[in-house]
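One-letter residues, chain by chain:
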Amino acid sequence: VVALGGGVDSQTILDLTDRYRREHSEFRYLAIHLDHAFHPKSGAWAEFLASDCERRQFPYHIEPLNIVQGARESLEELGRDARYARMAELTEENAVILLGQHRSDQIETFFLQLKRGAGPKGLSAMAFLAPFVGQRRLCRPLLGISKSELYAYGESFGVQWIEDDTNYDTRIERNFLRHDIVPRLKSRCSPF
């Protein structure tokens, strides 16, 4: 199961899985996009993803999610929790769910956890393979790949993706780390 967001990361996972599918028809495949409508263009993004899956003849499921934010609740956390809960409902008991998180996401997650005062478990950030619900597993095959490598792959293989302009809003903590802190650290340290 490919968890589709539409960015270069999940579109790369979709492309790689589609290539694998052509040689391994013994498995069942599904791409899932759950649209919580946080962005004004999310409807157009869902249409783009449906069209891309149809072009590939890749089975897909796209549906809207209704997220209600209460006082002092993180919209990002509510959206993630709702997506994961629905993903569990839509997938088979033994599903392997492929997530597009990559090395840059891992670095940002580490710093977010550090800022929150997380202990050793939280600072270990995201696992390549993690138990999910029942026998389902979450798999992050791109954790060792940088975002620039994903862009290079996408351009080389004609992968189409969506650029979310909110990823550049540094008022959002993850984006602040991505654009202001991590580049400064990279300029002073050996590559990570």
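Residues numbered from 1 in each chain as written. Predicted model: local features only at pLDDT ≥ 70, side-chain atom pairs only at ≥ 80, totals over all residues. Heavy atoms only, no water.

A. Geometry of the overall build of the chain. The helix and strand inventory of the chain stands at seven helices and six strands. Ordered by position from the N terminus, the helices and strands of the chain form the series β-α-β-α-β-α-β-α-α-β-β-α-α. Taken over C-alpha atoms, the radius of gyration comes to 17 Å for the chain, in line with the 16 Å a tight globule of 192 residues would show. With the C-alpha coordinates aligned to their principal axes, the bounding extent of the chain is approximately 45 × 40 × 35 Å. By the burial criterion, 39% of the 192 residues in the chain qualify as buried. Long-range pairs, those at least 24 residues apart, make up 67% of the contacts in the chain with a sequence separation of at least 6. (Helix = DSSP H or I, 4+ residues; strand = E, 2+ residues; numbered from the N terminus. Rg over C-alpha atoms; globule rule 2.2 N^0.38 Å. Buried < 20%, exposed > 50% of the residue type's maximum accessible area, 1.4 Å probe, protein only. Contact = heavy atoms within 4.5 Å.)

B. Structural detail: the packing of helix α1 (residues 8-23) against helix α6 (residues 147-157). Packing of α1 against α6 leaves a shortest axis separation of 10 Å and a crossing angle of 50°. One element, α1, and the other, α6, form an angle in the oblique class. Like other packed secondary-structure pairs, α1 and α6 cross with a definite hand, here left-handed. Side by side, α1 and α6 meet where Val8, Asp9, Thr12, Asp15, Leu16 and Arg19 of the first sit next to Lys147, Leu150, Tyr151, Tyr153 and Phe157 of the second. (Axes fitted to C-alpha atoms, helices over the stretch in contact; angles between N-to-C directions. Parallel < 35°, antiparallel > 145°, perpendicular 65-115°, else oblique. Left-handed = near helix turned anticlockwise from the far one by under 90°.)

C. Seen up close, the environment of leucine 99. Examined against the element boundaries, leucine 99 turns out to sit in the loop between β4 (96-98) and α4 (103-115). Separated by 97 residues in sequence, leucine 99 and valine 2 have C-alpha atoms that sit 6.7 Å apart. Beyond its immediate sequence surroundings of up to four residues, leucine 99 is in contact with Ala3, Ile13, Tyr84, Leu138, Cys139, Arg140 and Pro141.

D. Examining the pairing of strand β2 (residues 31-35) more closely. Within β2, five of the five residues are buried, which leaves the element mostly enclosed by the surrounding structure. Judged by which residues are buried, β2 turns out to be covered on both faces: Ala31, His33 and Asp35 on one side and Ile32 and Leu34 on the other are all buried. Relative to β2, strand β1 (residues 2-3) runs parallel, the two being bridged by two bridges. Looking across to β2, one finds that valine 2 is bridged to alanine 31. Note that β2 and strand β3 (residues 60-64) share five bridges and pair parallel. Within β3, the position partnered with leucine 34 by the bridge is glutamate 63. Regarding the hand of the β-α-β motif, the stretch spanning β2, helix α2 (residues 42-56) and β3 is right-handed. (Pairing = 2+ DSSP bridges. Right-handed = clockwise from strand over helix to strand, strands pointing away.)

E. Geometry of the layout of surface pockets. The computed volume of the second largest pocket comes to approximately 520 Å³. Around the second largest pocket, the lining comprises 14 residues; the ones closest to its centre are Val1, Phe27, Arg28, Tyr29 and Val96. (1 Å grid on protein atoms, 1.4 Å probe; cavity = no way out; pocket = protein on both sides within 12 Å on 5 of 7 lines; lining within 4 Å. Points joined across faces, edges and corners; volume = space filled by probe spheres on them.)

F. View of the pattern of salt bridges. The tally for this structure, following the rule as stated, stands at twelve salt bridges. Put simply, aspartate 18 and arginine 22 hold a salt bridge, and the shortest N to O gap is 3.2 Å. Placement of both aspartate 18 and arginine 22 in helix α1 is noted, with a separation of four residues, approximately one turn of the helix. Under the relative-accessibility criterion, arginine 22 is labelled exposed at 58%. Through salt bridges with shared partners, a single network forms among Asp15, Asp18, Arg19, Arg21, Arg22, Asp52, Arg55 and Arg56. (Salt bridge = Lys/Arg side-chain N within 4 Å of Asp/Glu carboxyl O.)

G. Up close: unusual backbone geometry. If you check the backbone angles, glutamine 57 has positive phi at about 60° while not being a glycine. For glutamine 57, the location among the structural elements is in the loop between α2 and β3.

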